[in-house]
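Here are the chains, one letter per residue:
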Amino acid sequence: MTEGTHPMNSLRAYLAKYAAGQVNREEMLDTVAAWPFEETVFHPTHTLPTHQDNTTDVLAAAVLNDQISEADYEEILRRRKR
């Protein structure tokens, strides 16, 4: 991702702003649906998470951490398929 592509370079940080009420829902849905997700790096010798910021794993974790709702997650996926 290039500098300035999104309001922030970290999806994790952007979702935290949304959860804190600093971003409205519609803006979050549009932004995250257009986010250029990276492939998750996997290496068999690493057993801990990679801590990458811009993967679909971060989006899924946001649901588990109550940063976004299941409905938000489903809407993001729907918009990505357009």
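Our subject is the structure listed above.
In this report, the structure presented in the accompanying data block is examined. The model shown is predicted, which means the values in this text are computed figures rather than measured ones.

Calculation rules
Residues numbered from 1 in each chain as written. Predicted model: local features only at pLDDT ≥ 70, side-chain atom pairs only at ≥ 80, totals over all residues. Heavy atoms only, no water. Buried < 20%, exposed > 50% of the residue type's maximum accessible area, 1.4 Å probe, protein only. Helix = DSSP H or I, 4+ residues; strand = E, 2+ residues; numbered from the N terminus. Arc of directions from axis to C-beta. Contact = heavy atoms within 4.5 Å. Axes fitted to C-alpha atoms, helices over the stretch in contact; angles between N-to-C directions. Parallel < 35°, antiparallel > 145°, perpendicular 65-115°, else oblique. Nonpolar A, V, L, I, M, F, W, Y, C, P; charged D, E, K, R; others polar.

1. Some remarks on helix α1 (residues 11–19)
Line of reasoning, step 1. Of the residues making up α1, those classed as buried are L11, Y14, L15 and Y18. For α1, the angular spread of buried residues about the axis comes to 95°, placing them on one side.
Line of reasoning, step 2. Taken together, the buried residues of α1 touch α2 (25–33), α3 (56–64) and α4 (70–80).
Line of reasoning, step 3. Phi turns positive one or two residues past the end of α1, at G21, with a value near 85°.

2. Comments concerning the environment of A62
Line of reasoning, step 1. Take A62: it is sitting in helix α3.
Line of reasoning, step 2. For A62 and L11, which are 51 residues apart along the polypeptide, the C-alpha to C-alpha distance reads 9.9 Å.
Line of reasoning, step 3. What A62 contacts, discounting residues up to four positions off in sequence, is L15, Q67 and I68.

3. Section: the packing of α3 against α4
Line of reasoning, step 1. Direction vectors running N to C along α3 and α4 enclose 155°, while the axes themselves pass 9 Å from each other. Between α3 and α4, the interaxial angle falls into the category roughly antiparallel. Contacts from L59, A60 and V63 of α3 reach α4 at E70, Y73 and I76.
Line of reasoning, step 2. Per-class residue counts for the contact of α3 with α4 are 5 nonpolar, no polar and 1 charged.

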